[in-house]
Amino acid sequence: METAVRTHAMLCGGTGCMASGTNKVKASLEEEFRKKGIDDEAKVVLSGCNGFCAKGPVMAVYPDETFYQDITPDETFYQDITPEDVPALVEEHFLKGRPYQKLAFKEHDKKIAIPSIHDIPFFKHQVLVVLKNKGLIDPERIEDYITMDGYKALSRALTLMKPEEIVKIVTDSGLRGRGGAGFPTGKKWELGLKIKSDEKYVICNGDEGDPGAFMDRSVMESDPHSVIEGMILCGVATESHKGYIYVRAEYPLAVKRLQIAIDQCYESGLLGSNILGTGFAFDLEIYQGAGAFVCGEATALMRSIEGKRGMPRPKLWRSAVKGLWDRPTILNNVETLANIPQIILNGAGWYRTLGTEESAGTKVFALTGDIHNVGLVEVPMDTSLRKIIFDIGGGIPKKKRKFKAVQLGGPSGGCIPEEFLDIPVTYEAIRQSGAIVGSGGMVVMDDSTCMVNTAKFFLDFTADESCGKCVPCRIGT
Ligand SMILES: Cc1cc2nc3c(=O)[nH]c(=O)nc-3n(C[C@H](O)[C@H](O)[C@H](O)COP(=O)(O)O)c2cc1C
Ligand code: FES
């Protein structure tokens, strides 16, 4: 007799996996569940990006009741799924209760399957704060976010905390802006609260133009409510009542999911004129940018929202004093804002247990280039580059090739050679190496990479002598 498990097939619905065929796999899974008569007990859910984009379409199954070598994998992870694989996958995992080894993760030099997500090196060395809900929720359902303690920080802040207390927690946490410059977030908010004005704005910067970077896209796609909650909290803390999320138009899935999330918030009383019945008002809308790299710069971004040409202007005063339409404006990056609900819920002391004195918390990196495990990685800021590139990233793919450098910080950053691989990814240490942490794009290059063209690519020169083979040329095409 067939036995079935009561479980969720959390199939990745991020942009990368969608491009690799998620929709066809979803249709095959649902069809197979129906055929086997287990469609009441096994449900396919489209989650956000799970981080392991190069292996897509990927899927995590939980709760998990399979057994593998006398252990329960807890949450089985499958990669490179095709519609043709689905009948065997359903038979093995969902009916016979054992992981389907063909699609389980295997390290590049070994053939042994690692079915549990918690044992896979790419995942097990990560510490998730901003990405804590990745792969676990349907980003288009507010109920899923609420189940994971979503909007708890907001309700606490609105009912129990004064704006000054919220600002103090953010200041004490040591959170620094994740958009590139690492400016202390609490300091920005403090200034925003002190300035009195009949109109103040909160802006979320989701422009994300750095080469190789896709952290912010992934957060907006996979957990849009965490960004929205961070923005409303910023509004409460700085007594601002209007917010804009600036997203580049090339991120259609992020725009779609953010809009669904905003609509759900209005329907649930989490946005509008009387949030959670407290009398606090906050309105939020999306502004789509046209994809100009320069519009990620704060003053150019604000000009763009004003309907003007997106050009930076001299910073004679801080945006928190005079920003959008010359009104006080608190502008933060997507990842910065997604940290806020966790900091309010768990406290500044908890956040400071991660990272270092000057670089508290975690940082999300988009690991790309000549590396085995391409994807999104969240680590405490005292983690070394070597650990990220070799333990999490799995090292350089080509056997005869060696690590040459890692590009960090986009056009304002630099290439870090092997001698600096043991430094942690803190603002202070990376700065000393000559690069900057930047927004989180991390492009690894092996020793076949032409550094001349690397410089040309990142400095936006014309690569007229390009042979087209190295990483910068490949990314650029
Ligand atoms: C040319 C240029 C491009 C930038 N692009 C981005 C971007 O895409 N996203 C971002 O958050 N910050 C970007 N920044 C930094 C922003 O100006 C700003 O400092 C940041 O969004 C503030 O948020 P944070 O304090 O939370 O980091 C850019 C800066 C420059 C100079
Ligand atoms: S898009 Fe699926 S893992 Fe990133």
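Residues numbered from 1 in each chain as written. Chains lettered and ligands numbered in written order. Predicted model: local features only at pLDDT ≥ 70, side-chain atom pairs only at ≥ 80, totals over all residues. Heavy atoms only, no water.

> Just to check I follow, could you spell out the sheet that holds strand β2 (residues 42-47) for this structure?
Sheet strands line up and pair through hydrogen bonds in the backbone, either parallel or antiparallel. Strand order in the open sheet made by the four strands is β2-β1-β3-β4, with mixed pairing throughout. Strands with a single pairing partner mark the edges of an open sheet, and in this sheet they are β2 and β4 (76-78). Between one strand and the next, the sheet's axes are offset by a mean angle of 20 degrees, whatever the strand orientation. Two strands pair when backbone bridges link them, and strand β3 (residues 59-62) and β4 are joined in this way by three bridges, in the antiparallel orientation. Looking at β4, one finds that V61 is bridged to T76. Lying over the sheet, helix α2 (residues 22-35) contacts β1 (7-12), β2 and β3, oriented at roughly 170 degrees with respect to β2. Strands in contact with helix α3 (residues 86-95) are β1, β2, β3 and β4; relative to β3, the strand with the most contacts, it is inclined by about 25 degrees. (Pairing = 2+ DSSP bridges. Helix = DSSP H or I, 4+ residues; strand = E, 2+ residues; numbered from the N terminus. Axes fitted to C-alpha atoms, helices over the stretch in contact; angles between N-to-C directions. Contact = heavy atoms within 4.5 Å.)

> Got a minute to help me understand the packing of helix α9 (residues 215-222) against helix α11 (residues 252-268) in this structure?
A packed helix pair is summarised by two numbers, namely the angle formed by the two axes and the spacing between the axes. Look at α9 against α11: their axes get within 8 Å of each other, and the N-to-C directions meet at 35 degrees. For α9 against α11, the interelement crossing comes out left-handed. Contacts between α9 and α11 involve R217, M220 and E221 from the former and L253, A254, R257 and L258 from the latter. Split into classes, the residues belonging to the contact of α9 with α11 amount to four nonpolar, no polar and three charged. (Left-handed = near helix turned anticlockwise from the far one by under 90°. Nonpolar A, V, L, I, M, F, W, Y, C, P; charged D, E, K, R; others polar.)

> Got a minute to help me understand the nonpolar core in this structure?
Generally speaking, a soluble globular protein has its nonpolar side chains buried in company with each other. Counting 61 residues, the largest nonpolar core has Y151, L154, W189, I228, I232, I245 and V247 as its most contacted members. Among the elements that line this core, the one with the most residues is helix α10 (residues 224-238), at eight residues. Built from parts of two domains, this core gets at least three residues from each of domain 2 (142-352) and domain 3 (362-476). By size, the runner-up hydrophobic cluster in this structure holds 36 residues, among which are C17, I117, V379 and V437. (Core = buried A, V, L, I, M, F, W, Y, C linked by side-chain atoms within 4.5 Å. Buried < 20%, exposed > 50% of the residue type's maximum accessible area, 1.4 Å probe, protein only. Domains from an automatic or database assignment.)

> Which parts of the structure should I look at to understand the site of ligand 1?
Neighbouring ligand 1 are 16 residues; G179, K188, N332, N333 and T336 lie closest to it. Contact distances for ligand 1 include 3.0 Å between an oxygen atom and a side-chain N or O atom of N205. At 2.9 Å from an oxygen atom of ligand 1 is found a side-chain nitrogen or oxygen belonging to N332. The protein chains hide 79% of the 610 Å² of surface that ligand 1 would expose on its own. (Near = heavy atom within 4 Å. Polar contact = N/O pair within 3.5 Å; in protein donor to acceptor, adjacent residues only side chain to side chain. Areas by Shrake-Rupley, 256 points an atom, 1.4 Å probe, with all protein chains shown as cover.)

> How should I be thinking about a nonpolar patch on the surface in this particular structure?
Judged by side-chain polarity, L316, W317 and V321 come together as a nonpolar surface patch covering roughly 300 Å² of accessible area. Considering the arrangement of structural elements, one finds W317 in the loop between α12 (298-305) and β10 (329-333). (Patch = residues over 30% accessible without salt bridge, like charges linked within 9 Å, V, L, I, M, F, W, Y side chains within 5 Å. Salt bridge = Lys/Arg side-chain N within 4 Å of Asp/Glu carboxyl O.)

> Would you explain the environment of G375 in this entry?
Tracing the backbone through its elements, the reader meets G375 in strand β12 (residues 375-380). Judged by its relative accessible area of 0%, G375 is buried. Residues G375 and G51, spaced 324 residues apart in sequence, show a C-alpha to C-alpha distance of 5.1 Å. Those residues in contact with G375 that lie beyond four places of it in its chain are G51, C53, F122, F214, F365, A366 and L367.

> Where do I start with the domain arrangement of the chain in this structure?
How big an interface is tends to be stated in terms of accessible area lost as the parts join. As far as domains go, the chain holds domain 1 (7-124), domain 2 (142-352) and domain 3 (362-476). For domain 1 versus domain 2, the distance between C-alpha centres works out to 34 Å. Tallying the contact residues gives eight residues for domain 1 and seven residues for domain 2. Of the roughly 520 Å² buried where domain 1 meets domain 2, counting both sides, 50% is carbon and sulfur surface. By the criterion of area lost to domain 2, the three top residues of domain 1 are T15, G48 and C49, representing 60% of everything that side buries. Between the two partners, domain 1 and domain 2, sit zero salt bridges. The tally of links from domain 1 across to domain 2 stands at three residue pairs in polar contact (both at pLDDT 80 or more). For the side of domain 1 that touches domain 2, the residue count by class is three nonpolar, five polar and no charged. (Buried area = accessible area lost by both parts, 1.4 Å probe.)

> Would you mind showing me how to read the sheet that holds β10 here?
The strand order across the open sheet formed by four strands is β9-β8-β7-β10, and the pairing between neighbours is parallel. With partners counted over all chains shown, the strands left at the sheet margins are β9 (283-289) and β10, one partner each. Taking the axes of each pair of neighbouring strands and ignoring which way they run, one obtains an average angle of 20 degrees across the sheet. As judged from the five bridges shared by strand β7 (residues 201-206) and β10, these two strands associate in the parallel manner.

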